[in-house]
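Residue-level structural notes
Chain by chain, the residues:
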Amino acid sequence: MLRAIMTKPGKIIFEDVQVPLVEDNKVLVKMARIGVCGSDMHVYHGKHPYTSYPVVQGHEVTAVVEKCGAGVVDFAPGDKVTVQPQVFCGKCAMCREGDYHICENLKVMGFQTEGMAAEYFQVDQSKLVHIPDELDLDSGALIEPVAVGIHAVRRLGNVKGKKVLVFGAGPIGNLTAQSAKAMGAESVMITDLSDFRIQKAVECGIDFCVNTAKEDLKEAVLKNFGKDGADAIFECIGIQPTMDQAVSIARKGTTIMVVGVFGDIPRVDLGLVQDRELTLRGTLMYKREDFDDAIRFMADKKIVVTPLISRHFAFKDYLKAYEFIEESKDLAMKILIDIF
Ligand SMILES: [Zn+2]
Ligand SMILES: [Zn+2]
């Protein structure tokens, strides 16, 4: 079988290796789709702080069960599945609390441990999640990023009846906005500087989609949410200007969820955080319940992902996918690698 290995930033080679033998409690899956995300792009550029080379990438996937090891009862050949790509120690303080997603020794497949960019992959049954019939192979690869949005909203607390403001209409911002709506927010406003991404947000049914290059943020908040403004804010880009906007527009006593991954360390006006009793709260990845909710909302069409799929590339054209994302900039939302 073929496996794609990034040997150094910007270089992928294909290795012909043995299909793994199926061990007890493990499942051999035939990989179908792999989604490429911003973190993968950091690895492509050699700018991911916690990834070394060579690395097999691939952590947003759809696969089909090929063979089950002894002791596997919940899966059978032919089942459509996705993989929760976190490997954790089970021993640290966070793991003992059930917060394995922030394990002290967390390894994520495709970054610190082997990813799924191969024709077959062997995985522990505990990491597998069933995909229902309502979701096709393409949608399955977006369960992982949807779970990121669900987890971010869950970390905020109850959003029922709330007016939610989301900065950033890239895939994670879009899916966080849709998650907030699916989880009961009264209305959601999303902002971006890209007309294309704003258009995608419109296609996904997000209530208010605002290009802040053309419309004043303060006026848009007043117009769409009234004078009390937003009840909660999600920063989903990870850059200084939107962090500044978030802190300055936040109503007293509200929470700003920090969802974006910051390349450069931002400066935050903590004077405003103190004086206005703002809460800044981080969110990382997801837990199993977030995967379960993501799948349920997607199957019920409360979260739609098809408008976000920009293009497919064949497995052998893995590198071309990166080059396409590089050239297309904001016009590339989610790119899928089709392995079969
Ligand atoms: Zn990702
Ligand atoms: Zn741990």
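Residues numbered from 1 in each chain as written. Chains lettered and ligands numbered in written order. Predicted model: local features only at pLDDT ≥ 70, side-chain atom pairs only at ≥ 80, totals over all residues. Heavy atoms only, no water.

Going by the annotation in an unreviewed UniProt entry, the name recorded for the protein chain is Alcohol dehydrogenase, with Ruminiclostridium papyrosolvens C7 given as the source organism. Looking at the Sequence similarities (unreviewed entry) heading of the UniProt record, one finds this comment for the protein chain: "Belongs to the zinc-containing alcohol dehydrogenase family." Quoted verbatim from the Cofactor (unreviewed entry) field of the UniProt record, the comment on the protein chain reads "Zn(2+)". (UniProt positions renumbered as here; feature names shortened; annotations may be inferred.)

Moving on to the pattern of salt bridges. Using the criterion set out here, one finds 17 salt bridges in the structure. Ionic pairing is found between Glu15 and Arg3, a salt bridge with its closest N-O pair at 3.4 Å. Highlighted residues: Glu15 in strand E2 (residues 11-16) and Arg3 in strand E1 (residues 2-8), separated in sequence by 12 residues. Taking the relative accessible area as the measure of exposure, Arg3 reaches 18% and is therefore buried. A salt bridge links Asp293 to Arg154; the shortest N-O distance between them is 2.7 Å. With a gap of 139 residues between them, Asp293 in helix H10 (residues 288-299) and Arg154 in helix H4 (residues 143-156) connect regions that are remote in the sequence. (Salt bridge = Lys/Arg side-chain N within 4 Å of Asp/Glu carboxyl O. Helix = DSSP H or I, 4+ residues; strand = E, 2+ residues; numbered from the N terminus. Buried < 20%, exposed > 50% of the residue type's maximum accessible area, 1.4 Å probe, protein only.)

Here we come to helix H5 (residues 171-182). The end-to-end C-alpha separation of H5 is 16 Å, in line with the 16 Å expected for 12 residues at 1.5 Å each. The element H5 is extensively covered by neighbouring structure, given that 10 of its 12 residues are classed as buried. Against H4, strand E10 (163-167), strand E11 (187-192), helix H6 (195-203), strand E13 (232-235) and H10 lie the buried residues of H5. (Expected span 1.5 Å × (residues − 1). Contact = heavy atoms within 4.5 Å.)

What follows is about the coordination of the zinc ion (ligand 2). Taken together, Cys89 (SG), Cys92 (SG), Cys95 (SG) and Cys103 (SG) make up the full set of protein donors to the zinc ion (ligand 2), lying 2.3 to 2.4 Å away. With four donor atoms in place around the zinc ion (ligand 2) and angles of 100 to 121° between them, the coordination shape is tetrahedral. (Donors = N, O, S within 2.8 Å, 3.2 Å for Na, K, Ca; no water. Tetrahedral: all angles 85-135°; square planar, octahedral: opposite > 155°, others 65-115°.)

Reading across from one edge, E12-E11-E10-E13-E14-E15 is the order of the six strands in this open sheet, with parallel pairing throughout. Bordering the open sheet on either side are strand E12 (208-211) and strand E15 (279-282), each of which pairs with just one other strand. Each strand of the sheet is rotated relative to its neighbour by a mean of 20°, with strand direction disregarded. When E13 meets strand E14 (residues 255-258), the two strands line up parallel, connected through four bridges. (Pairing = 2+ DSSP bridges. Axes fitted to C-alpha atoms, helices over the stretch in contact; angles between N-to-C directions.)

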